[in-house]
Amino acid sequence: MPAIFQRRPWLMVAAVAATLCLGACSSFSDRTRSALSAVTPYKVEVVQGNFVSKEQVAALKPGMSRQQVREILGTSLLTDVFHANRWDYVFTIRRQGVDPQERHLTVFFNGEIMDRFEGDEMPSEEDFVATLDTRKKSGKVPTLEASEDDLKKFAPSKDDKKADTADKADAQASLPPLPAAYPPLEAAR
C-alpha cells in the first residue's frame, strides 16, 4: 500500500467510492435511456421574416407601384443591391414538436412598376393561425358576438339613469366655485 494511503486512510475510502460511482454511471438500462429521452429541454420558437397570406398575394396586380406593393406585403426581408428590381419575402418558423415551415415569395419590378411575382403557395390567415395553435382542442368554440337580447340585459334602466344624473349634480354642487382669476405663476420683480 502506498505511503499516502497509510497516512490518510480517508483518501482510500474516497477513491473506492469514486470508483463505485463511476461504475454505476455505465449501467444505464433501456428503461433509464427512454426516461431520459422523454425529458426534452425547452426550445425557443424562432420566427423570422414576413408572413404573407393568400389574401395578400391575391391583392397583388401587375402594374402596381413599389409603394402599393409595400403597403400590401410590408417591407421585403431581402433587397439585393445587385438585383434592385427584385424583392424577396421569406418567412420561416421553427417550433418544438412541429416541422419547420418556410415560405418564399419573389416580386419582380420593371422600373417602379410591378411586373410579376412567383413563389410558394401561401396559406390563408385562418389556416396559418390554426397551425400555430398546438394545444388540444376543447371542441366547441364560443360565440364572440352579443345578440340584441344579451345587450338588453346590461342596458341601464330609467331609474339608474336618473340616479346617475342626480349623483353628478350632487358632486358638482359640493365643489367650491372656481376663482374668477388665478394668481400669476411668477413672483413680481
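Residue numbers restart at each chain and count upward from 1, following the sequence in its written direction. Per-residue local features are limited, in this predicted model, to residues with pLDDT of at least 70; the limit for side-chain atom pairs, both in listing and counting, is 80 or more; totals at the level of whole chains, interfaces and linings are taken over all residues. As a rule here, side-chain values come from all non-hydrogen atoms in the structure, and water together with hydrogens is ignored.

Trainee: Sorry, what's going on with the pairing of strand 3 (residues 86-95) here?
Mentor: Consecutive side chains along a regular strand alternate between the two faces of the sheet. Most of strand 3 is tucked away: eight of the 10 residues are buried. Note on pairing: DSSP must find at least two bridges between two strands before they are called paired. Labels follow the DSSP assignment, with helices taken as runs of H or I lasting at least four residues and strands as runs of E lasting at least two, numbered in each case from the N terminus. The pairing of strand 1 (residues 46-49) with strand 3 spans four bridges and is classified as antiparallel. Bridge assignment links Val 47 to a residue of strand 3, and that residue is Ile 93. In terms of strand pairing, strand 2 (residues 78-79) meets strand 3 through two bridges, oriented antiparallel. What sits directly across from Leu 78, in strand 3, is Asp 88. Note on classification: 1.4 Å probe, protein chains only; a residue is buried when its accessible area is under 20% of the maximum for its type, exposed when over 50%, partly exposed between these limits.

Trainee: Can you walk me through a nonpolar patch on the surface in this structure?
Mentor: Distance thresholds for patches are 9 Å for like charges and 5 Å for nonpolar side chains (Val, Leu, Ile, Met, Phe, Trp, Tyr), applied to residues having over 30% relative accessible area and no salt bridge. Methods summary: accessible areas were calculated by the Shrake-Rupley approach with a probe of 1.4 Å, and residue burial reflects only the protein chains presented. Salt bridges, as used here, are contacts in which a Lys or Arg side-chain nitrogen is within 4 Å of a carboxyl oxygen on Asp or Glu. Together, Met 12, Val 16 and Leu 20 line one region of the surface with nonpolar side chains, adding up to about 280 Å² of accessible area. Among the secondary structure elements, Val 16 is positioned in helix 2 (residues 9-25).

Trainee: Help me understand the nonpolar core in this model?
Mentor: The tendency in soluble globular proteins is for nonpolar side chains to be buried as a group. In this text, buried Ala, Val, Leu, Ile, Met, Phe, Trp, Tyr and Cys residues form a nonpolar core when linked through side-chain atoms within 4.5 Å. In this structure, Leu 60, Val 69, Leu 73, Tyr 89, Leu 105 and Val 107 are the most contacted members of the largest nonpolar core, which totals 13 residues. When contributions to this core are tallied by element, the ones reaching two or more residues are helix 5 (66-73), strand 3 and strand 4 (98-110). With three residues, strand 4 is the largest single contributor of residues to this core. Whether two residues touch is decided by their heavy atoms; if any such pair falls within 4.5 Å, the residues are in contact. For Leu 105, the contacting residues outside a window of four places in its chain are Val 52, Val 57, Leu 60, Leu 73, Trp 87, Asp 88, Tyr 89, Phe 117, Glu 118, Gly 119 and Met 122.

Trainee: I keep staring at the side chain of Thr 106 and nothing clicks. Help me out?
Mentor: Along the polypeptide, Thr 106 turns up in strand 4. By relative accessible area, Thr 106 is classed as buried at 10%. Within 3.5 Å is the distance limit for a polar contact, defined as a pair of N or O atoms, with the added protein rule that one can donate a hydrogen and the other accept it, and that residues adjacent in sequence qualify only through two side-chain atoms. For Thr 106, the side chain forms a polar contact with the side chain of Asp 88, separated by 2.8 Å. Beyond its immediate sequence surroundings of up to four residues, Thr 106 is in contact with Arg 86, Trp 87, Asp 88, Arg 116, Phe 117 and Glu 118.

Trainee: Quick question: what am I supposed to make of the packing of aromatic side chains here?
Mentor: A ring pair, where both rings are aromatic, is described by two values, the distance of the centres and the angle of the planes. Two rings belonging to Phe, Tyr or Trp (six-membered ring only in the last case) form a pair when the distance between their centres is within 6.5 Å. Interplanar angles under 30 degrees mark stacking, angles over 60 mark edge-to-face geometry, and anything in between is tilted. Going through the model one piece at a time under the given rule, you end up with four aromatic pairs. With a centroid separation of 4.7 Å and 65 degrees between ring planes, the pair formed by Trp 87 and Phe 109 is classed as edge-to-face. Taken together, the positions of Trp 87 in strand 3 and Phe 109 in strand 4 put the pair 22 residues apart, joining distant regions of the chain. Here the aromatic rings of Phe 91 and Phe 128 are separated by 5.5 Å at their centres, their planes lie at 75 degrees, and the arrangement is edge-to-face. Placement of the pair is Phe 91 in strand 3 and Phe 128 in helix 6 (residues 125-132), with a sequence separation of 37 residues. Just as Phe 91 is buried, Phe 128 falls in that class too. Members of the aromatic cluster, joined through ring pairs, are Phe 51, Phe 91 and Phe 128.

Trainee: Just checking my understanding: could you explain the pairing of strand 4 for this structure?
Mentor: In this structure, strand 3 lies alongside strand 4, joined through nine bridges in antiparallel fashion. For Thr 92, the partnering residue across the bridge sits in strand 4 and is Glu 102. Connecting strand 3 to the next strand, strand 4, in antiparallel fashion are two residues, including Gly 97 with a positive phi near 80 degrees. Note that strand 4 and strand 5 (residues 113-119) share six bridges and pair antiparallel. Bridge assignment links Thr 106 to a residue of strand 5, and that residue is Glu 118. Between strand 4 and strand 5, which pair antiparallel in sequence order, lie two residues; one of them, Gly 111, sits at a positive phi of approximately 75 degrees.

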